[in-house]
Amino acid sequence: MSKPGRVAGKTALITGAAGGLGQAMAWMLAREGAKVALTDVNLSGVEALAAGINAEIPGSAFAHAHDVADEQAWIDVIDAAVAEMGSLSILVNNAGIAGDMAFVETDTLENWRKVQAINIESVMLGCKHAMKPLREAAPASIINISSVAGLAAAPGMGVYNATKAAVWMYTKTIALEAAKMDWNVRCNSVHPVFIKTPILDPFIAMAGGDEKKAHERLTRGIPLKRIGEPDDVAYCVLYLASDESKFVTGSEFRIDGGMLAQ
């Protein structure tokens, strides 16, 4: 007899699931027994991912086009996910962008507002509109993907630092509100450093296309001296999605190879 998965019977909605971290999380949760609703502005990407997951685990994945900065889109996709899966017990706010990296005198209000809308306003909208079905499916878990950039600043990354720090603090607020109301909905944030996904492509381009050289530069401040793998983050999400973390809320999890321990 096969062993039940760590999130068997649970139902998850993952934003920004078409690639990178979102894709790794989707596979991880599905293989551990959850049904997964996968959303992204890239509909063909999440459709392909859902098809791949369903080929291995039939009936476990669903795909939706989703602009996370649009409030009505959140209402529609949550309603659809609950209808398809029967409930919603896990929300992973993963969608995010870096935006234009610019110093204060060259940044634009347009760039600032775009990154704010996708990186932090979407987290508020997700928590707001998912809370009712999460309460109904409790014990439930919200996992907000922030970044080490939300805990440590760097020049030229003003809006990214600001939004990822906002995700970190907003997570704590939601955790405390849910606890105060006895909803049994936990909320935690995950803070990765450089992970081997397409988000590293600009750094590789700056190194003249030399991936090894780019990775050497990026890992100078990482004690473990390597770039992270998507599953390094997905395993943390799996833990927070499961009942193994039933006494963990309002916490931040650094997936950074020891960088912020220095």
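What counts and how
Residues numbered from 1 in each chain as written. Predicted model: local features only at pLDDT ≥ 70, side-chain atom pairs only at ≥ 80, totals over all residues. Heavy atoms only, no water. Salt bridge = Lys/Arg side-chain N within 4 Å of Asp/Glu carboxyl O. Helix = DSSP H or I, 4+ residues; strand = E, 2+ residues; numbered from the N terminus. Buried < 20%, exposed > 50% of the residue type's maximum accessible area, 1.4 Å probe, protein only. Expected span 1.5 Å × (residues − 1). Bend = angle between axes of the 7 residues up to and from the residue. Axes fitted to C-alpha atoms, helices over the stretch in contact; angles between N-to-C directions. Left-handed = near helix turned anticlockwise from the far one by under 90°. Contact = heavy atoms within 4.5 Å. Nonpolar A, V, L, I, M, F, W, Y, C, P; charged D, E, K, R; others polar. Pairing = 2+ DSSP bridges. Core = buried A, V, L, I, M, F, W, Y, C linked by side-chain atoms within 4.5 Å. Right-handed = clockwise from strand over helix to strand, strands pointing away. Polar contact = N/O pair within 3.5 Å; in protein donor to acceptor, adjacent residues only side chain to side chain. Phe/Tyr/Trp six-rings, centres within 6.5 Å; stacked < 30°, edge-to-face > 60°. Lys NZ or Arg CZ within 6 Å of the ring centre and 35° of its normal.

Things to note about the pattern of salt bridges
- Across all of its chains, the model carries eight salt bridges by this definition.
- Across the pair Glu252 and Lys172 runs a salt bridge, and its minimum N-O distance is 2.7 Å. Of this pair, Glu252 sits in strand β7 (residues 252-255) while Lys172 sits in helix α5 (residues 158-180), and the two are 80 residues apart along the sequence.
- Since its relative accessible area comes to 21%, Lys172 is described here as partly exposed.

Description of helix α4 (residues 109-136)
- For α4, spanning 28 residues, the distance from its first C-alpha to its last is 40 Å, which sits close to the expected 40 Å at 1.5 Å a residue.
- Largest kink in α4: about 50°, centred on Ala130, with the proline Pro133 one to four residues after it.

Some words on the packing of helix α3 (residues 71-85) against α4
- At a closest axis distance of 10 Å, the pairing of α3 and α4 adopts a crossing angle of 35°. The hand of the α3/α4 crossing is right-handed. Of the residues in α4, those touching α3 at Glu71, Trp74, Ile75, Ile78 and Val82 are Ser122, Leu125, Gly126, Lys128, His129, Ala130 and Pro133.
- Here the residues of the contact of α3 with α4 sort into seven nonpolar, three polar and two charged.

Quick look at the sheet that holds strand β2 (residues 35-40)
- Taken together, the seven strands give an open sheet; going across it, the order is β3-β2-β1-β4-β5-β6-β7, and neighbouring strands pair in parallel fashion. Looking at the sheet topology across the chains shown, the edges are occupied by β3 (61-65) and β7. Neighbour-to-neighbour, the strand axes of this sheet turn through a mean angle of 15°, independent of strand direction.
- In the sheet, strand β1 (residues 11-14) pairs with strand β4 (residues 90-93) via three bridges, with the strands oriented parallel. Along β4, the bridge assignment pairs Ala12 with Ile90.
- Those strands touched by α4 are β4, β5 (140-145) and β6 (185-192), and its axis lies near 175° from that of β4.
- The strands that α5 touches are β5, β6 and β7; relative to β6, the one it contacts most, it runs at about 160°.

Considering the nonpolar core
- Residues Ile14, Met25, Leu29, Val36, Leu38 and Ile143 are the most contacted members of the largest nonpolar core, which totals 35 residues.
- Secondary structure elements with two or more residues in this core: β1, α1 (20-31), β2, α2 (43-56), β4, β5 and α8 (230-241).
- Apart from the residues lying within four places of it in its own chain, the contact partners of Ile14 are Gly22, Met25, Ala26, Leu29, Val36, Ala37, Leu38, Thr39 and Val92.
- Counting 28 residues, the second-largest nonpolar core is a separate cluster that includes Leu91, Met131, Ala140 and Val185.

Focus on the pairing of β1
- Where burial is concerned, the two faces of β1 agree: the one with Thr11 and Leu13 and the one with Ala12 and Ile14 are both buried.
- In the classification by handedness, the crossover that spans β1, the intervening α1 and the parallel β2 is right-handed.

Digging into the side chain of Asn161
- Relative to the assigned elements, Asn161 resides in helix α5.
- The exposure class assigned to Asn161 is buried, which follows from its relative accessible area of 10%.
- Polar side-chain contacts of Asn161 include one of 3.2 Å to the backbone nitrogen of Ala154.
- Asn161 has contacts with Ala149, Gly150, Ala152, Ala153 and Ala154, leaving out every residue within four places of it along the chain.

Quick notes on the packing of aromatic side chains
- Counted by the stated rule, this structure contains one aromatic pair.
- With a centroid separation of 6.3 Å and an interplanar angle of 65°, the aromatic rings of Tyr239 and Phe253 are classed as edge-to-face. Of this pair, Tyr239 sits in helix α8 while Phe253 is found in strand β7, placing the two residues 14 residues apart along the sequence.
- For Tyr239, a relative accessible area of 27% puts it in the partly exposed group.
- Just above the ring of Trp183 sits the side chain of Arg135; from NZ or CZ to the centre is 4.8 Å.

Observations regarding the environment of Phe194
- Looking at where Phe194 falls in the secondary structure, it is placed in the loop between β6 and α6 (201-206).
- Judged by relative accessible area, Phe194 falls into the partly exposed class, the value being 25%.
- Spatially, the C-alpha atom of Phe194 lies 9.5 Å from that of Ile222, the residues being 28 residues apart in sequence.
- Those residues in contact with Phe194 that lie beyond four places of it in its chain are Leu200, Phe203, Leu218, Ile222, Ile227 and Gly228.

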